[in-house]
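One-letter residues, chain by chain:
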Amino acid sequence: MNKGLGKFFTKKILKLITLLVALCIITFALMELSPIDPVTAYVGASTKVSAE
């Protein structure tokens, strides 16, 4: 009985890890392909940030 439960959790954890890795890759690719800088879009283009 414990052997089946261990297999079940192992499969679920492997699927979770695979999903998280795929999500990270897709998010990174979309951010790289984005034509605008996310920081500029969040802060605003009119805001001046010093180089300090």
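Coordinates for the structure precede this section.
A few points on the structure. (Residues numbered from 1 in each chain as written. Predicted model: local features only at pLDDT ≥ 70, side-chain atom pairs only at ≥ 80, totals over all residues. Heavy atoms only, no water.)

When helices and strands are counted, the chain shows two helices and zero strands. Roughly 5,300 Å² of accessible area belongs to the chain as shown, and the carbon and sulfur atoms make up 72% of that amount. (Helix = DSSP H or I, 4+ residues; strand = E, 2+ residues; numbered from the N terminus. Areas by Shrake-Rupley, 256 points an atom, 1.4 Å probe, with all protein chains shown as cover.)

Okay, the packing of aromatic side chains next. Under the counting rule described, the total for this entry stands at one aromatic pair. Taking 5.5 Å as the distance between ring centres and 65° as the angle between the ring planes, the aromatic pair formed by F8 and F9 counts as edge-to-face. A relative accessible area of 44% places F8 in the partly exposed class. On the accessibility criterion, F9 (47% relative accessible area) is partly exposed. (Phe/Tyr/Trp six-rings, centres within 6.5 Å; stacked < 30°, edge-to-face > 60°. Buried < 20%, exposed > 50% of the residue type's maximum accessible area, 1.4 Å probe, protein only.)

All right, on to a positive patch on the surface then. A cluster of like positive charges, contributed by K3, K7, K11, K12 and K15, occupies part of the molecular surface. By secondary structure assignment, the location of K15 is in helix α1 (residues 2-33). A relative accessible area of 59% places K15 in the exposed class. (Patch = residues over 30% accessible without salt bridge, like charges linked within 9 Å, V, L, I, M, F, W, Y side chains within 5 Å. Salt bridge = Lys/Arg side-chain N within 4 Å of Asp/Glu carboxyl O. Lys, Arg positive; Asp, Glu negative; His and termini not counted. Charge placed at Lys NZ, Arg CZ, Asp CG, Glu CD.)

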